Amino acid sequence: MKHHYWEAPIVIYLFLGGLGGGIFFLASVFDLIVAPGAGPLFFAPVFFALAALALGCFFLVFELGQPPVFWRVFTTKTAIIKWGAVLLTVAMICGFVWWASYLPLLGWQWAAGLAGLLAPVRSLMIGLAGVAGFGIMVYTGVMLSTLKAHAFWATPALPVLFTVSALSTACAAIALSLGGAVDAAGLGLLVEELIREIVHEVDIVLVIAEIVVLLVMVLSFYGAGNVTAQKVAARWVRGRTAPLFWGGMVGGGLLLPLALYLAGAGTAASEVVAPILVLCGGLLLRYLCVYSDERAPIPGEERYYERLKSSDTRFMTAWKQGENKY
Amino acid sequence: MTRYVMVVDQSRCIGCQSCTVACRTWNDLPLDIIYNPVVSEGTKGTFPEVYRTWTPTQCMHCANPECVPCCPTGASQQDDDGTVWVDYAKCMGCKVCVNACPYGMRDVSHVVPRFDQYVRKCTFCRDRRAADPAAEPYCVATCHQRARVFGDIDDPNSEVSKLINTTHTERLFTELGTDPQIYYIPEMGGGAR
Amino acid sequence: MGNEIDIHAPGVEMRKSLCYFCHANCGVLAYVKDGEVIKIEGDPNYANQGGLCCRGNSALLHLNHPARINHALKRVGEKGEGKWEKIPYDQAIAEVAERLNQIKAESGAEAVATAGGTTRTDDWARRRFMNQFGSPNGFHNALLCWIPTFMAETCVAGWSPFETDLGKAKVVMLWGMNPGASSLGAMRGYTDLQKAGMKIIVVDPRFSETASKADLWLPLRPGSDSALALAMLRTIIWEGLYDFAFVRDWCQDFDALREHVRDYTPEWAAPLTWLTPDQIRTAARMYATNTPGCIQWGCTWDQLGTASTTTSLTLALMRAVCGNLDVPGGDGMPGPALNFLTDEEMEANECLPEEQKAKQIGSDKFKLTSWPGYTLISDNARRTWGKTLPAEWFCEAHGPSVFKAIITGDPYPVRALIVNATNPVNSYGDAKMTLEALKRCEFLVTVEYWMTPTALLSDYVFPAAGALERPTIVTHYGATDSFLGGKRAIQPLYDRHTDMVFWRKLGLACGQPEKMWPWETEEEAYYHILEPLGLPIGCYEDFVDNFRMYYPPLHQNKFVANGGFWTPSGKVECDSTILRELGYPGMPTYMGCSENEVDDPEVAERYPIVLTTGGGFMPYHHSEHFQMPAIRYLYPDPYYTLNPELAEKLGIAEGDWCWIETRRGRIKMRANVSPEIHPRVVYVPRGWWFPERDGSADLSNPFGCLESNTNVLTSVDVEDCDPMGGSWANRGLLCRVYRCTELDHEYKAADAQWSIPGSAAEPGVTVMPSDQKMARPHAPFEAPACEEAPEGFYRVWQNGQLYQEGTHFRLDESGWLVNPRTKGYHDAYTGWRYDPDSELLVDDETGTCYTMDREEVVFRGGVRCYPGPAAPYEVPEQLTWNAEGGFAQLADRPYVYDPASGWLVDPETGAYHDAYYGWLYDGATGNLVDEATGARYDMEYNPIVAEEAAAAQAGAASDEEGA
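Residues numbered from 1 in each chain as written. Chains lettered and ligands numbered in written order. Predicted model: local features only at pLDDT ≥ 70, side-chain atom pairs only at ≥ 80, totals over all residues. Heavy atoms only, no water.

## What about the overall build of chain B?
Helices and strands together make up the secondary structure of chain B, namely five helices and eleven strands. Its C-alpha radius of gyration of 17 Å places chain B within 12% of the 16 Å reference for a compact globule of 193 residues. In terms of overall dimensions, chain B has a C-alpha envelope of 50 × 40 × 35 Å along the principal axes. Residues counted as buried form 69% of the 193 residues belonging to chain B. Contacts in chain B between residues at least 24 apart in sequence constitute 56% of all its contacts with a sequence separation of at least 6. A total accessible area of about 6,500 Å² is found for chain B, and carbon and sulfur atoms account for 50% of it. Averaging the coordinates of the 19 positive side-chain charges in chain B and doing the same for the 23 negative ones gives two points 4 Å apart. (Helix = DSSP H or I, 4+ residues; strand = E, 2+ residues; numbered from the N terminus. Rg over C-alpha atoms; globule rule 2.2 N^0.38 Å. Buried < 20%, exposed > 50% of the residue type's maximum accessible area, 1.4 Å probe, protein only. Contact = heavy atoms within 4.5 Å. Areas by Shrake-Rupley, 256 points an atom, 1.4 Å probe, with all protein chains shown as cover. Lys, Arg positive; Asp, Glu negative; His and termini not counted. Charge placed at Lys NZ, Arg CZ, Asp CG, Glu CD.)

Shown next as structure tokens:
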């Protein structure tokens, strides 16, 4: 059967999109609600979010067959991908404006004028970016789950899973980068610690939630999915993908960081290793899901495509059109 | 209204793949693009009590296609006569429609230049019909066995209407709600007709 | 939208062409713009009803393929090195001709042979060249394809009953034939008719595409066809299912046949065929009780090796006794083309001297399909039909024996081989020996589309024009009376030429007279062939545009009108006299196929699996089309088929590469595990080679032509060949199968080791071909004594009749000769034809007429003259009798009086003049004109005044314009 139309760049795009969206969302929540005025602390996380989205978009566009036609996504009305593109654009523009307004933090006095100009719209910008970021997190899952040809994707659990995972990776990224580029002192330090603590606690909840959603989704497919979904789930649970799933995803990406979060609170294991593991787990999740794009085959379809050759086979390249050998 | 459909008579198909090659040559397709594979699970049963069915496939030109609304650029579209097709110039090659199709009937080629990869699919030979409204899709015209019949289901006198109304036909994956418009007359085996 | 091409655009011309990739020759419409074919599609108004298969649809890929040979190539490196110089076509022709003439001078013309494959050529041209050159050693794959069957059937009933009249048939038996993968247009017909009630019986070891649609499928042991056929014939005869009236009226020696087949019971056949007696009886009853019915010829009959012609002879008798010969709904016997020229008339067989015919390789053994059998059959056909079957295909050297002669010099050295439209390594038996012969051939010339292994080993390679580049006619090897034609879409590209042009140019360069090659193009030659039809056409293209096909008025039951079948005895010969005369049994006598577990138990012990090879499969045809990526993509690797039960026993999984080995060698293919075949049988498709490889890299296996080539497994040993027709062994051989292991995965040089006879264990020549025994020795035959024939005549012992030598006209009891074609009478002394209308004798060569006393008859202006004093008819009084000229005339005018019409005829112009005044009759106005004065008169001799005359003339002129 023909599948795997989407490959690594899409995996990375979905991961980075969720990550960036999650950071924007959390940054806006903290900046506007939890700890107003904590904005400068999020200067580095938002930078990483912008970078993640930019890189994600690069992979997305790179993966396109005809990239110059990309602008057309803004001309249609209803397609999911169109909304993804709009959300990405809004998040990136607003996030960038917010971020640019803090440029003087880097000691770049030439940016002070610009920052002054942008400062009044900071709240609006981070607010919009946060909303858009939330949309992106949900969107990465929704896009896959609307493709009902693929039994393993076509479940409401997938957007939930992706959203939880996106938030979780965002927490991890914030944990790693919070306060970067800012010499916090006094109250600022306290706020930073407070935010770290909240992010830490939230990520524990998220990781647990992710484990629950993931296991519910995979195991319910394994137990009660249709033939195709069951096959995929079986591959995850006890087949070819099982080591990656149990060892990499569940073990390395969720349980181990959870344990480190819980047991090693305050140590480097909790503050550095665990978030990195969470990030890796998030990437692995996208990888496993994107490559689980089996369709229900038309009877005989698999046999048909198994007998075809890959495109680098000798007879496909032996003769070049237009060249006359004899 | 005109609504084009195809009836595929599996009791006539002998799996010669002529339609596949005909389509490839008529549409000058890249090597790795097959619009209409003729698939089969091979021979089943225990010798000598065996049977075999071929399923000529192609885009189902669904009444409720998955691949059109998901298109973010408007390249993937459907004519009033039901023909689902891709405007190559508008396609950015995101492959969401390829993933959306439950029948695996769309793809981009990997043997064409890297940034010239748009989504291709069967168009019921839109080009042939544009030039000559009476023309059949080439896979239909070229089928020696007349296993493929093409026509307007809204015309009660068309061959497809008569076949669909008088014969037991089946369609693929109707449970997905796509309302596919390729109707199969199943193979009953040997002299069981 | 992308790359569409508009076939309706201005300047696009549609040309009616024919496909040229298999024998079905489907109609193709080629759309041509500025000398370039832009699209093709099937012709909806031709027999294929618009259908085209994978092959047909690939015509444009074929035409423009980058690996096509476009120029004459002369070898400049070592043989097989792949170094070529492109030279002008005519220069290559001249160089080849010089070399051929030199070889002829040194070793005789028979040292030059030519090999063909299947019809991609106009083979009368090849034969025309060879006959004039003087060599009898032309050959094709004819012996694997129809020819032995045709000859056996002709021995039984006087022509092959191959044109099935399915429309009225109630049953069709497809025996060893899979139209579902080989002739799709026919398959459609079967399917349509089956849905309308016709029964289909398929005899095939494999659950083929066709078998899957059958009403009754007989999965016999491959190669056991002769046992099955005999048991069915026995059932039909002994259960009384045959057509009593037909047998009584039209069959000779039927009682002998009944006794002969007594022991061939279904119970006897069951263990040989692996079928149950009930299955055999069911099939026999289904065929015999559903009359009329057809048996469609299938290639298998000619590929069984030893049992080939026995099988086709049995089937010929089966259709005969069931009354299915030449009847509506039965097997039609077209006979030769009586209304246009047959291929035989284009072959110039009279140019080949008798002593050269005698040198034809293989004709001492396999007589039915070479000069000895052909002469008997052909002379009989001339006596009965008045025309005969072509010598090309039907009378050829034994191909494998020629290859052996190249290696061994036995019976004499063959030094040059011209290969046209075949790649013998893949299409002839024992590929390893054949490859060696091609390597050893002193002078090898190939006419090809592609750089095949054979072309690679050649000294000269000529580019061949193919489909779309040549006009095509269909006359079924020149053996039928219908004619279908297509135009070329474009002139050949590059320096490509058609085969007829090749042979013509080569003939002229070898010194053959220009007048023997009057046609420069196919179109001219085809027009010459068609001219006798008398159609209103001025050239061949007119025929295609306006007629496209010619069918004689469908005459079935011709044997009734003819008063007999076209055999020497005039009956269906159940004990064929021609076969007996050749030293073969006249009735089918069981022979097992070349290798089988009953006759060769010790072989079966080492090679326990039965192998069947040679079945055609889409999308390829023989060894063609492997170059076309668009097709190859769909079927990239060779797959053989084995049953899951066998696969499990041998530890083979779907897709595994496996070795398949017979006594002669081994090949590798991938496993297609499928229950479509018996657990003790494997099915190995034919043709595989790998043109994408570098041919020169490994000359022991150039282009991988041995590696997956089923013909490495087949046998051409004399004892494995059919003793009558010479077919070699492709079906029902014994083999073993095992998985390729890591250590034994590559094809090695040792696997390419050749031998004569075929044996992987004993390389080289161990037994000379002429020392090999035949499967069944010839039995001496002596014709019963009969009265001697007068000089110039000969007597046919079967019917006691006298025939004139040369013309083969029968000498009637009345003393007249009877022309079998026209049924007209000819004078026994002069050969002049009796014309019943004029009651004169006509010498058709000069057109001169004679009286019954053989005195020349003079005509003036088409009026017969009677020199002498008395007029034999009443002369009108105003005329005078010219005694010297023998006609009546008006005064001294030179016009001749025609007593039939009463007019005078001007012998110079043929114009009519009135018999009273000699006035000219003006057809345009209906007036009489006095030429001396210009005055005009009506038919009552009333003068016509000037204005009226002018008006009449003007009216006539405008009429003409209007017309």
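Still to come is the rest of the account.
## Side note on the sheet that holds strand S9 (residues 171–175) of chain C
In a beta sheet, neighbouring strands are held together by backbone hydrogen bonds and run either parallel or antiparallel to one another. Residues and elements named next belong to chain C. Taken in spatial order, the four strands of this open sheet run S11-S10-S9-S13, and their pairing is parallel. Edge positions in the sheet fall to strand S11 (216–218) and strand S13 (293–296), since each of these pairs with one other strand and no more. Here the strands of the sheet are splayed against their neighbours by 15° on average, with no regard to which way each runs. The pairing of S9 with S13 spans four bridges and is classified as parallel. Within the sheet, the bridge partner assigned to valine 171 lies in S13 and is glycine 293. Each of S9, strand S10 (199–203), S11 and S13 is contacted by helix H12 (residues 277–289), which is oriented at about 130° to S11, the strand it contacts most. (Pairing = 2+ DSSP bridges. Axes fitted to C-alpha atoms, helices over the stretch in contact; angles between N-to-C directions.)

## Focus on the packing of aromatic side chains
According to the stated counting rule, one finds 91 aromatic pairs over all chains in the structure shown. Pairing phenylalanine 58 of chain A with phenylalanine 59 of chain A gives two aromatic rings, centres 5.8 Å apart and planes at 65°, and the pair type is edge-to-face. Under the relative-accessibility criterion, phenylalanine 58 of chain A is labelled partly exposed at 48%. Aromatic side chains tyrosine 916 of chain C and tyrosine 941 of chain C sit 6.3 Å apart centroid to centroid with 75° between the ring planes, which places their arrangement in the edge-to-face category. With tyrosine 916 of chain C in the loop between strand S44 (912–913) and strand S45 (920–922) and tyrosine 941 of chain C in the loop between strand S47 (936–937) and helix H29 (946–962), this residue pair connects regions lying 25 residues apart in the sequence. On the basis of relative accessibility, which here comes to 31%, the residue tyrosine 941 of chain C falls in the partly exposed class. Between the NZ or CZ atom of arginine 206 of chain C and the centre of the ring of tyrosine 683 of chain C, over which it lies, the distance is 4.3 Å. Of note, lysine 668 of chain C hangs over the ring of tryptophan 657 of chain C, and the distance from its end group to the ring centre comes to 5.6 Å. (Phe/Tyr/Trp six-rings, centres within 6.5 Å; stacked < 30°, edge-to-face > 60°. Lys NZ or Arg CZ within 6 Å of the ring centre and 35° of its normal.)

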